[in-house]
Amino acid sequence: MAHLKYAALAAGSGIFLLCGALQAQQFVNNTAQIPQGNPGNNSSSENVDFGDVDLDGDWDAVFADGGDGGNDQNRIWINQGGDQNGTVGFFLDDTVARFPSGQDQSRDIEFADIDGDTDLDIYVSNTSAIINQSNRWWVNLGGDQGGSLGFYQDETAARWVGLGGPGSSIPQSAVLASGGFIDWSCDCDFGDLDNDGDLDLFHSTYGGAFGGNVPSRIFLNDGRGFFTEFNPSGFQLAGTNILNGNPGLWCDGTQLNFTTNSDGTNCDIAMTALDIDIGDIDGDFDLDILHGSRSEFPRMFANRLDGSNLAPAMGGGQLGFRDVTGMVFPPNYASGGNYEQEMGDFDGDGDLDIYGMNWNPGVGDSTYENLGNGIFAPGVVVSGAGSDDNEADCFDYDNDGDLDIYVANFSGQDRIHRNNNNGGSGFSFTNVTGSVLPSLSRTGLDADCCDIDNDGDYDVMVGNDNGQGNYLVENVGNTPDTHAPYIPNVEQAVDRTIGSLPTVVRAQVYDNAPYYITWYNPTWVEVTVDGGAPVSYPAVSSAGQIFRAEIPGGLAGTICYRFVSEDQYGNQGQSVQLCYDSSGAGCQESNFCTAGPNSTGSPAVISSNGDCFVSNGNLVLSAGPVPDQFGLFYYGASQNNGGAGTPFGNGRQCVGAAGAQIYRLPVELASGNVLSHALDFGNPPAPSGQITAGSTWHFQAWFRDPAAGGAFFDLSDGLTITFQ
């Protein structure tokens, strides 16, 4: 997933105001820093999402426009900091230049790096309420596309695979010639559902005329951003609706409306969904589905990739889901009219709780505490929340370390509910709207939070209906975020023998920020082998609260690892350290020959990092200490003079017997007294120098050393590696 290049925060006195300043109104309706009027800010904005589309270190905003109001153009506002050379936190509408031109009834817009090229692509959810239309794939032209970063093209027709064909539940009659299929979609989310390192799609729908009879679906990413339906049932619907008794497509059992069965006999995958949420509710490190519903009770689906008390694992690394609604929720947990919900760790105990918007009878909100195993306690009514709300979002508005709630109100004043946890064992919410928010009484449809101006606190963008114009609700409290991410749960890797496949480990990463902001935290695993120096490997967000890392499978010994995550402000949290044993015939490598001191005062020693598996392609040669001069590595099939070497320059040539061919690798510039080069197994200097599994080669470094005089160049010792 693409990472925001976090900009450094100014250390001016304005950031460090005393807490007493929070007694004044903390938010302002800032109209000066966003577009106003036609055409940039006068639509029905059903959804807003933040992402750094041009990777310049600030948050840009995109809007799903049209919705129930009709077809309209979706919009993008570019933050004027970073590459724009303007003031961070000020936005300009750049839709005409950056977005595909088109009018549709959009109800959701999501950022996701679908093709793994580190920039953010876009998925637009549309509804066929007026005319038949499909959700759309817009691909960022940077990265693998080789074009302009932050500019988008429509690739809808290409990115769907096999719609209406064998294995697809979608009837051919619903497939559109222009790409995609007829649907009524309001919210879709991404997550690595099958733990293969790419982002898959959960596609929800509310059905024609809010009928709630069209199934939600799952589409799996092939790793390159092309999506095929996950339908292990193999069943294809006769029309757009799913009927009771039909197979559950992606879920255990057969379809049965309103089922409370949780043993896999039945499931209900067709509801009037307006919002869905993805996260690990039961602590098994796979992503479960909380499926909201406008007219029916919300539902929970447990991922069976890994087993838990909610549902056993499918086995063999297979993906599967089970409807566990009747197991995880208490009786009478909700009522009709449940527009939306949010999951977050509200009590800081390392699991996901629920804020249910309009879940209790009438139009009130309730909270549901996760008891630690994916089972939820009876709901607690939130005081001061009895109005027709449309969207809730988690953020820490006062930077006290816990998650508060912003509510976009469909029928009146937007609200903030302060979390009273403050590091305690429980949580509750207090309506503090009157003391912190200005008058904000348009028809709110969505709210997203981030630090738009890099001043250390979280601001809010609100999408409003009926052409009323969107809000930028700026946080002027200027209380810095000093709270580090916390990583309470880490997957235990099992003992193994070495091989080409990596050890995949996952962790739950939480922070006092919206989950979609935490996704971009730089996160990694620190790995040691037999107590040696730590080596870092990147971890990427799987969505929800899960991060995933790959530890090379060629490491042999006692392997210990811990996760580390750093937020936008440099606050760093780390997990406990876990260990596993990796045994077997590892990389066979050994040093030979002897190097003398160079101008650094020490001999240059050659070594390798990564592993010796050709299929992994991650071996890096290093030599040091060497002067910060140009040098190169070379290799051959033989040692020189039986491994003792012969005089050459200021050192000894250790590789290549007399008359034997040697292969020179590209020239590199040493830095920090280390010369390094990553082997490119697919591009040898000559065909006869191809490194293959089972072959043994001898390596040496040559480098310039003008400060030493003499021949003005020197060499390292030699290194023999047998590859696998």
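Conventions used here
- Residues numbered from 1 in each chain as written.
- Predicted model: local features only at pLDDT ≥ 70, side-chain atom pairs only at ≥ 80, totals over all residues.
- Heavy atoms only, no water.
- Domains from an automatic or database assignment.
- Buried area = accessible area lost by both parts, 1.4 Å probe.
- Salt bridge = Lys/Arg side-chain N within 4 Å of Asp/Glu carboxyl O.
- Helix = DSSP H or I, 4+ residues; strand = E, 2+ residues; numbered from the N terminus.
- Nonpolar A, V, L, I, M, F, W, Y, C, P; charged D, E, K, R; others polar.
- Buried < 20%, exposed > 50% of the residue type's maximum accessible area, 1.4 Å probe, protein only.
- Pairing = 2+ DSSP bridges.
- Axes fitted to C-alpha atoms, helices over the stretch in contact; angles between N-to-C directions.

1. Concerning the domain arrangement of the protein
Working step 1: You can read the domains of the protein as domain 1 (53–475), domain 2 (486–581) and domain 3 (588–723).
Working step 2: Using only C-alpha atoms to locate each centre, domain 1 and domain 2 end up separated by 26 Å.
Working step 3: Between domain 1 and domain 2 the total buried area reaches about 2,500 Å² when both faces are included, carbon and sulfur atoms providing 52% of it.
Working step 4: Of all residues in domain 1, Trp59, Phe285 and Tyr458 bury the most surface against domain 2, accounting for 28% of the area lost on that side.
Working step 5: Summed over the shared surface of domain 1 and domain 2, the result is one salt bridge.
Working step 6: As a salt-bridge pair, aspartate 306 and arginine 506 come within 3.1 Å of each other at their nearest N and O atoms.
Working step 7: Taken together, the elements giving at least two residues each to the side of domain 1 that touches domain 2 come down to strand 11 (188–191), strand 17 (276–279), strand 25 (389–395) and strand 29 (444–450).
Working step 8: Tallied by class, the residues present in the side of domain 1 that touches domain 2 amount to 16 nonpolar, 11 polar and 15 charged.

2. Quick notes on the pairing of strand 7 (residues 121–126)
Working step 1: Counting buried positions over the six residues of strand 7 gives six, a clear majority of the element.
Working step 2: With burial as the criterion, each face of strand 7 is covered, one bearing Asp121, Tyr123 and Ser125 and the other bearing Ile122, Val124 and Asn126.
Working step 3: Across six bridges, the pairing between strand 6 (residues 106–112) and strand 7 is antiparallel. Note that in strand 7 the partner of phenylalanine 111 across the bridge is isoleucine 122.
Working step 4: Of the pairings in the sheet, the one linking strand 7 to strand 8 (residues 136–140) comprises three bridges and is antiparallel in character. Bridge pairing links tyrosine 123 to tryptophan 137 in strand 8.

3. Quick look at the sheet that holds strand 4 (residues 75–79)
Working step 1: In spatial order, the strands read 2-3-4-5; together these four strands make up an open sheet with antiparallel pairing. Each edge of the open sheet carries a strand with a single partner, namely strand 2 (45–51) and strand 5 (91–93). Pairwise comparison of adjacent strand axes, ignoring direction, gives a mean angle of 25 degrees for this sheet.
Working step 2: When strand 4 meets strand 5, the two strands line up antiparallel, connected through three bridges. Across the sheet, the residue bridging to asparagine 79 is phenylalanine 91, located in strand 5.

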